[in-house]
Amino acid sequence: MKYVSTRGAAPVLEFGDVLLEGLATDGGLYVPETWPAMPDLPADATYPEVAVEVMWPFVDGSIERAAFEAIVADAYSTFHPPEGATPDVVPVTDLGNNLWLAEIYWGPTLAFKDIALQLVGRLFDHELDRRHERVTIVGATSGDTGSAAIDACRDREHIDIFILHPEGRTSDVQRRQMTTVLSGNVHNLAIEGTFDDCQDLVKALFADEGFRREVQLSAVNSINWARVMAQIVYYVTSARSVNARLGRPLDAPVGFTVPTGNFGNIFAGFAAMRIGLAIDQLVVASNRNDILTRFFTTGTMDIQGVHPTLSPSMDIQVSSNLERLLFEMSGRDGAALAEMMLRFRSEGEVSVAPEQLAWLSERFAAGRFD
């Protein structure tokens, strides 16, 4: 599998390079050059088995199959639902009224980010060991990414990790999860400002090409394609679980409602749709920081102030992963997308054409709670 940048000017890379690069050198995000097809899956396949089959086309050519299977199995051995729950990495609970809850929070830090990061930390170690290299991971977090990334990378031989979080704007639990890890390769930075300020600092570091190469910068937040790739899996397993329990065909269509700030989780749902999972709608759920809801309902994206809420992980105005969706919406025109993102950053507002909003509305709905 080859990967291209959403802005069209960065080199085409293979998975191992994309894993270590994080952000593309042209400021864009990497996406697969083509979308593979959904694999045939046995009805009784376990979560790790589904994970290997779904992700294999994305890593094929960069890692040996047996090594990948071992990494996946080891990553998901860290998930432990409580006694009495379905013994699975992502249990699905019937809430009644045709509503189901995918419990994506049974990893070591109780954040859904564990599902991707427990895998990504191990992939980093494998690839860096193969290359005899070391990287410096820099990430911005509004809470859950930081603690999950630190847990995944702590004590790893080939990684130093620096996490930036907005001071006073994470939950106490997540702040403690981040700042009480005593591993020598873990470093925390509290930033006076918002999550978006932290993210801008990280992007500025990556934009400094000389510094980036000097310290071998890499990323584990959701700008890294490997994060999105790992999240595709639980859309597949959750849909299959619900359909099996309802006595429907395993490939019957379902809808997903996803609380989102940086748009990585729900973009993984879109990616699942692109590889062939039957999803009839993806619902973007926002809190008071509702730039995404406004965008999906009006076609205009405009930056406003960030409001602290009870869900700090969603207290974001600039949703980085939306760029990947805009790339698909634009017919994969990297130059057009680069111009749009430059205009958004310089003017704080950008609108899409009516036909593009119609394209989005066929696939997405959106709502918000204050």
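Every chain's residues receive numbers from 1 upward, in the order its sequence appears when written. Residues qualify for local features only when their pLDDT is at least 70, as the model is predicted, and side-chain atom pairs are given and counted only at 80 or more; totals for whole chains, interfaces and linings, by contrast, use all residues. Remark: hydrogens and water are excluded; side-chain values derive from all non-hydrogen atoms of the structure.

Some thoughts on the packing of aromatic side chains
Note on aromatic pairs: the rings of Phe, Tyr and Trp (six-membered ring only in Trp) are paired at centre separations within 6.5 Å, and the planes decide the class, stacked below 30 degrees, edge-to-face beyond 60, tilted for the rest. Scanning the model with the defined rule gives 17 aromatic pairs in all. Ring centres 6.1 Å apart and planes at 45° place the aromatic pair Trp56 and Phe68 in the tilted group. With Trp56 in helix H2 (residues 47-59) and Phe68 in helix H3 (residues 65-76), this pair connects stretches of sequence that are 12 residues apart. Any residue under 20% of the maximum accessible area for its type is buried, any over 50% is exposed, and the rest in between are partly exposed; the area is computed with a 1.4 Å probe on protein chains only. On the accessibility criterion, Trp56 (16% relative accessible area) is buried. On the numbers, 5.7 Å between centres and 50° between planes, the contact of Tyr76 with Phe79 is tilted. An identical accessibility class is assigned to Tyr76 and Phe79; each is buried. To qualify as a helix, a DSSP run of H or I must reach at least 4 residues; to qualify as a strand, a run of E must reach at least 2; elements of each kind are numbered from the N terminus.

Observations regarding the sheet that holds strand E11 (residues 279-286)
In this scheme, strands are said to pair when DSSP sees at least two bridges between them. Read across the sheet, three strands follow the order E10-E11-E14 without closing on themselves; strand pairing throughout is parallel. Two strands bound the open sheet, and with one partner strand each, they are strand E10 (254-259) and strand E14 (364-368). Between one strand and the next, the sheet's axes are offset by a mean angle of 20°, whatever the strand orientation. Judged from the five bridges that link them, E11 and E14 form a sheet pairing that is parallel. What sits directly across from Leu282, in E14, is Phe364. Working convention: axes come from line fits to C-alpha atoms, limited for helices to the stretch in contact. Angles between N-to-C directions cover 0 to 180 degrees.

Notes on the pairing of strand E1 (residues 2-5)
The sheet contact formed by E1 and strand E2 (residues 13-14) spans two bridges and is antiparallel. Paired with Tyr3 across the strands is Leu13, a residue of E2. Pairing between E1 and strand E3 (residues 30-32): three bridges, direction antiparallel. Within E3, the residue paired with Val4 across the bridge is Val31.

As for the sheet that holds E2
For sheets, the rule is that strands pair by backbone hydrogen bonds, running either parallel or antiparallel. On the basis of which strands lie adjacent, the open sheet formed by three strands has the order E2-E1-E3 and antiparallel pairing. If you trace the sheet from one side to the other, it starts and ends with E2 and E3, each paired once.

Things to note about the packing of helix H4 (residues 113-131) against helix H9 (residues 225-245)
When two helices pack together, their arrangement is given by the angle between the helix axes and the distance between those axes. Between H4 and H9, the least distance of the axes is 8 Å, while the angle of their chain directions is 130°. One finds that H4 runs oblique with respect to H9. For the crossing formed where H4 meets H9, the hand is right-handed. In contact with Lys113, Ile115, Ala116, Leu117, Leu119, Val120 and Leu123 of H4, H9 contributes Ala226, Arg227, Met229, Ala230, Gln231 and Tyr234. Just so you know the grouping, Ala, Val, Leu, Ile, Met, Phe, Trp, Tyr, Cys and Pro go in nonpolar, Asp, Glu, Lys and Arg go in charged, and all remaining residues, Gly too, go in polar. Here the contact of H4 with H9 is composed, by residue class, of 10 nonpolar, one polar and two charged. Comment on the angle field: the value is read as roughly parallel under 35 degrees, roughly antiparallel over 145, roughly perpendicular from 65 to 115, and oblique elsewhere. Less than a right angle of anticlockwise turn of the near helix away from the far helix marks a crossing as left-handed, whereas a clockwise turn marks it as right-handed. Any two residues whose heavy atoms approach within 4.5 Å at even a single point are treated as in contact.

Overview of the pattern of salt bridges
Note on definitions: salt bridges are taken to be side-chain nitrogens of Lys or Arg within 4 Å of carboxyl oxygens of Asp or Glu. In total, this model carries 22 salt bridges according to the counting rule given. Note that Glu14 and Lys2 form a salt bridge whose closest N and O atoms lie 3.0 Å from each other. One end of the pair, Glu14, is in strand E2; the other, Lys2, is in strand E1, with 12 residues separating them in the sequence. With its nearest N and O atoms 3.2 Å apart, the salt bridge here joins Asp200 to Arg345. Placement of Asp200 in helix H7 (residues 195-207) and of Arg345 in helix H13 (residues 334-347) is noted, with a sequence separation of 145 residues between them. The exposure class of Arg345 is partly exposed, given its relative accessible area of 40%. One continuous salt-bridge network, built from bridges that share partners, spans Asp17, Glu127, Arg130 and Arg131.

Some details on the side chain of Asp290
By secondary structure assignment, the location of Asp290 is in the loop between E11 and helix H11 (291-298). The residues touching Asp290, leaving out its near neighbours within four places in the chain, are Gln317 and Arg368.

Some points on empty space enclosed by the protein
Here a cavity is any set of points on a 1 Å grid over the protein atoms alone where a 1.4 Å probe fits but cannot get out, and a pocket is any open set with protein on both sides within 12 Å along at least 5 of 7 lines; a residue lines the site when it has an atom within 4 Å of a point. Grid points are joined across faces, edges and corners, and a volume is the space filled by probe spheres set on the points. The full count for this structure, using the stated rule, is two cavities of 30 Å³ or more. As a volume, the largest cavity reaches approximately 50 Å³. In terms of lining residues, the largest cavity is bounded by Ser142, Pro166, Arg169, Thr194, Phe195, Val306, Pro308, Pro312 and Asp315. Among the residues forming the lining of the largest cavity, the class breakdown is five nonpolar, two polar and two charged. There is about 40 Å³ of room inside the second largest cavity. Forming the boundary of the second largest cavity are Phe15, Leu19, Ser62, Ile63, Leu123, His126 and Glu127. When contributions to the lining of the second largest cavity are tallied by element, the ones reaching two or more residues are helix H1 (15-21) and H4. For the lining of the second largest cavity, the element with the highest residue contribution is H4, accounting for three residues.

Considerations on the state of the cysteines
Put simply, a disulfide is two cysteine sulfurs that come within 2.5 Å. Tallied over the full model, the rule gives zero disulfides. Looking at Cys153, it has no disulfide partner, and the nearest cysteine sulfur is the one in Cys198, 18 Å off.

Some remarks on the environment of Ile115
Tracing the backbone shows Ile115 in helix H4. A relative accessible area of 0% means that Ile115 is categorised as buried. Not counting the four nearest positions on each side in its chain, Ile115 is found in contact with Tyr47, Tyr76, Phe79, Val90, Ile104, Ala230 and Tyr234.

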